[in-house]
Amino acid sequence: MIVTFLTDFGLEDDFVGTCHGVIARIAPDARVIDVTHGIAPQGVLQGALVLRHTLPYLPVGVHLAVVDPGVGGARKAIAVEARDG
């Protein structure tokens with residue numbers, strides 16, 4: 001299983017590493033590909049554009065993108081299943 005990972009977390013703290021740990025606990029055999037963690041804070045459009053431009057080059061799998069415009073708000077997550085897997 002492949003999990004690609006894109007965020008606005010940056011690399012200055014433990015958030016990315018913690019997420020890698022959670023993924024490893026849930027799916028120990030998964031391979032995580034870090035697309036970027038350099039999306040501007042709350043940069044939803046930037047994150048969407050990077051995801052759009054990179055997806056054609058990524059293997060079929062789970063594509064996890066976390067760009068939070070209102071950190072910790074009450075919004076629900078969005079999950080999409082593509083026709084091609």
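What comes next is a walk through the structure. (Residues numbered from 1 in each chain as written. Predicted model: local features only at pLDDT ≥ 70, side-chain atom pairs only at ≥ 80, totals over all residues. Heavy atoms only, no water.)

Here we take up unusual backbone geometry. If you check the backbone angles, Q42 has positive phi at about 60° while not being a glycine. With respect to the element layout, Q42 can be found in the loop between β2 (31–36) and α2 (44–54). (Helix = DSSP H or I, 4+ residues; strand = E, 2+ residues; numbered from the N terminus.)

Here we take up the environment of F5. Take F5: it is sitting in strand β1 (residues 2–7). Sequence separation between F5 and L64 is 59 residues, and the spatial gap between their C-alpha atoms is 4.9 Å. Non-local contacts of F5, meaning those with residues more than four positions away in its chain, are made with V16, C19, H20, V32, I33, D34, V35, T36, H37 and L64. (Contact = heavy atoms within 4.5 Å.)

Take the packing of aromatic side chains next. For the structure shown, the criterion picks out two aromatic pairs. On the numbers, 6.4 Å between centres and 85° between planes, the contact of F5 with F9 is edge-to-face. With a centroid separation of 5.7 Å and 65° between ring planes, the pair formed by F9 and F15 is classed as edge-to-face. Residue F9 is classed as partly exposed on the basis of its relative accessible area of 23%. Residue class for F15 comes out partly exposed when judged on its relative accessible area of 43%. Cluster of aromatic residues (ring-pair linked, three or more members): F5, F9 and F15. (Phe/Tyr/Trp six-rings, centres within 6.5 Å; stacked < 30°, edge-to-face > 60°. Buried < 20%, exposed > 50% of the residue type's maximum accessible area, 1.4 Å probe, protein only.)

Further remarks concern a nonpolar patch on the surface. Judged by side-chain polarity, M1, V62 and L64 come together as a nonpolar surface patch covering roughly 270 Å² of accessible area. Assignment of secondary structure puts L64 in strand β3 (residues 62–66). Its relative accessible area of 31% is what places L64 among the partly exposed residues. (Patch = residues over 30% accessible without salt bridge, like charges linked within 9 Å, V, L, I, M, F, W, Y side chains within 5 Å. Areas by Shrake-Rupley, 256 points an atom, 1.4 Å probe, with all protein chains shown as cover. Salt bridge = Lys/Arg side-chain N within 4 Å of Asp/Glu carboxyl O.)

Our next topic: the sheet that holds β3. As summarised here, the arrangement of the three strands in space is β2-β1-β3, forming an open sheet in which the pairing is parallel. Each of the sheet's edge strands pairs with one partner strand only, and the pair in question is β2 and β3. Direction aside, neighbouring strands of the sheet carry axes that sit 20° apart on average. Helix α1 (residues 15–26) contacts β1, β2 and β3 of the sheet and is inclined by roughly 155° relative to β1. (Pairing = 2+ DSSP bridges. Axes fitted to C-alpha atoms, helices over the stretch in contact; angles between N-to-C directions.)

On to the pairing of β1, then. Burial within β1 is extensive, with six of its six residues counted as buried. Burial along β1 is two-sided: I2, T4 and L6 and V3, F5 and T7, pointing in opposite directions, are all buried. Where the polypeptide runs from β1 across α1 and back to β2, its parallel neighbour, the crossover connection is right-handed. Pairing analysis gives five bridges linking β1 to β3, with the strands arranged parallel. (Right-handed = clockwise from strand over helix to strand, strands pointing away.)

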